[in-house]
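Descriptive analysis of the structure
So you can see what is in the structure, the chains are spelled out below.
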Amino acid sequence: MDDGSIDVKRAARETAYAMPLADINPSDPEIFRTDTWGPYFERLRAEDPVHWSVSPEEEVGGYWSVTKFNDIMAVDTNHEAFSSEPTIVLPDPEEDFTLPMFIAMDPPKHDAQRKTVSPIVAGPNLAKMEGIIRARAADILDECPIGEEFDWVDKVSIELTAMTLATLFDFPMQDRRKLSRWSDVATAAPDSGLFSSSDPEIAEQERRMELFECADYFTRLWNERVNAEPGPDLISMLAHGEATRDMDRMEYLGNLILLIVGGNDTTRNTISGSVLALHQNPDQDRKLRENPALIPSMVSETIRWQTPLAYMRRSATRDVELRGKTIKAGDKVAMWYVSGNRDEEVIERPNDYIIDRERVRQHLSFGFGIHRCVGNRLAELQLKIIWEEILKRFPKIEVTAPPVHVNSPFVKGYEKLKVIIPTRN
């Protein structure tokens, strides 16, 4: 597969180093859609690790970019100085469409709401889910065509994560693709192609309509569960939880979106990313197939290499100095996990994909501090299982066309990944 990506990336590098430093806007979705984000962050890490830029998007405006590993960790673990409220993305919420969610809350409310749902991804429940996930992964892979091109994102990555998410919610399995759709709509830009028009106002109206459909669907499930004995699913946990049972409609929707996006986008994009990374690095693919015991290590390396959420936003609660820059109270701060995971001072050969690297779990993709990803163990479990089942079945997976990347600076993922599986074991 010759996709011309070397020429594209060479041109991007020249552009990134030729433009005035002040003009670099890391939140430009185009550098993620074209997968040319690397040199921009490389330059910022070297020349301006705490960087002020102004986005042309009015709802984003000016913001700080923190691009080095240890600085990101310092911000992420200091929730007193760097608040998660009012949102974890750079665009400010619309005044008439605010979606509170516990990831965008500070203690004590954050802690109480997070504690309500965390048992579902704790060890005992994961042990119960492992057999279910494995059986579904086996069924999905057994239905993959041999010798025919197909879209891995749609047929495998979305399908497995949608099924797992439906199980967590005890959501009707026949409607599981609604979860994937709502996840996409919740984070999509107006020009994403998901809406009938790229006009921002029309696209926003459509987005709200679909998210209200999500709220209506889940409200019906809430009403069923709240009048029944507490169950082990997420909706029942929310309906009966002391910290969540009195949520209004928008806060319920906000937490649903958090759980749907967190449980869907991140894992699904890492599943796709693992296929792409191993295709691009045949020596690592060979290493894995010769030693399947490396699967857990490969999973961690892929989560670092992929970095499925490129950044998280915080807002300064007071003036803070970082690397000689004064971040003023109220300023937006983007912690660029995607850049910290490529920090040459912390991670050896960070641009290389090395499935048996030392300290392979040293990455930022799950965040740190009180907001560390609540479902990280479930994500790792799904990735481990899908690769155990892949290695049993397929000697090779060939990527046949350049991946289509999501047009977003937040969700770093794939819309399409065309593959062929030549033969079955």
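Bear in mind the structure is a predicted one, so any value in this text is a computation, not a measurement.

The next subject is the sheet that holds strand β5 (residues 312-316). In spatial order, the strands read β1-β2-β8-β5-β3; together these five strands make up an open sheet with mixed pairing. This sheet does not close on itself; its edge strands, each paired only once, are β1 (50-54) and β3 (82-83). For β3 and β5, the ladder comprises two bridges, and the chain directions are antiparallel. When the sheet's bridge partners are listed, S83 is paired in β5 with S315. Its contacts with the sheet put helix α4 (residues 69-76) on β1, β2 (62-66), β3, β5 and β8 (332-335), and the angle it makes with β8 is roughly 125 degrees.

This part takes up the pattern of salt bridges. Scanning all chains against the criterion turns up 43 salt bridges. The shortest N-O distance in the salt bridge between R134 and E130 comes to 3.4 Å. Of this pair, R134 and E130 both sit in helix α6 (residues 123-142), four residues apart, roughly one helical turn. Given the relative accessible area of 22%, R134 is considered partly exposed. Note that R304 and E301 form a salt bridge whose closest N and O atoms lie 3.0 Å from each other. Here R304 and its partner E301 are both found in helix α13 (residues 295-306), three residues apart, which amounts to about one turn of the helix. Across this residue pair, the class does not change: R304 and E301 are buried. A single salt-bridge network, built from bridges that share partners, covers E130, R134, D142, K384, E388, E389, K392, R393 and R424.

Attention now goes to unusual backbone geometry. Residues other than glycine predominantly adopt negative phi, and peptide bonds predominantly adopt the trans conformation. Along the chain, E85 connects to P86 via a cis peptide bond; the corresponding omega equals 10 degrees. Assignment of secondary structure puts P86 in the loop between β3 and α5 (109-117). One non-glycine residue with positive phi stands out, namely T307, at about 45 degrees. Inspection of the secondary structure puts T307 in the loop between α13 and β5. The phi angle at R323 is positive, at roughly 50 degrees, despite the residue not being glycine. The residue R323 is located in the loop between β6 (320-322) and β7 (325-327) in this model. Taking relative accessible area as the criterion, R323 reaches 48% and is therefore assigned partly exposed.

Looking now at the sheet that holds strand β4 (residues 150-151). Read from one edge to the other, the open sheet built from three strands follows the order β4-β12-β9, with strand pairing classed as antiparallel. Of all strands in the sheet, those with a lone pairing partner are β4 and β9 (398-399), marking the two edges.

Right, let's get into a negative patch on the surface. There is a patch of like negative charges on the surface, built from D28, E57, E58, E59, E94 and E95. As for its placement among the helices and strands, D28 is situated in the loop between α1 (5-18) and α2 (29-33). The partly exposed category is assigned to D28, whose relative accessible area is 31%.

It is worth spelling out the nonpolar core at this point. By size, the foremost hydrophobic cluster in this structure holds 127 residues, and its most contacted members are W152, F169, F218 and W387. With 14 residues, helix α11 (residues 249-280) is the single largest residue contributor to this core. Discounting residues that sit within four places of it in the chain, F218 has contacts with F169, F171, L179, W182, I235, Y252, L256 and I260.

Before going further, it helps to spend a moment on the side chain of Q306. With respect to the helices and strands, the residue Q306 is situated in helix α13. Residue Q306 is classed as buried on the basis of its relative accessible area of 1%. Setting aside anything within four residues of it in sequence, one finds Q306 in contact with N269, T270, G273, K412, G413 and Y414.

Turning to the pairing of β2, a few remarks are in order. Extensive coverage of β2 is indicated by the burial of four of its five residues. Here β2 runs beside β8; their pairing, made up of three bridges, is parallel. Residue pairing for β8: W64 is matched across the bridge by V333.

Cut-offs applied
Residues numbered from 1 in each chain as written. Predicted model: local features only at pLDDT ≥ 70, side-chain atom pairs only at ≥ 80, totals over all residues. Heavy atoms only, no water. Pairing = 2+ DSSP bridges. Helix = DSSP H or I, 4+ residues; strand = E, 2+ residues; numbered from the N terminus. Contact = heavy atoms within 4.5 Å. Axes fitted to C-alpha atoms, helices over the stretch in contact; angles between N-to-C directions. Salt bridge = Lys/Arg side-chain N within 4 Å of Asp/Glu carboxyl O. Buried < 20%, exposed > 50% of the residue type's maximum accessible area, 1.4 Å probe, protein only. Patch = residues over 30% accessible without salt bridge, like charges linked within 9 Å, V, L, I, M, F, W, Y side chains within 5 Å. Areas by Shrake-Rupley, 256 points an atom, 1.4 Å probe, with all protein chains shown as cover. Lys, Arg positive; Asp, Glu negative; His and termini not counted. Charge placed at Lys NZ, Arg CZ, Asp CG, Glu CD. Core = buried A, V, L, I, M, F, W, Y, C linked by side-chain atoms within 4.5 Å.

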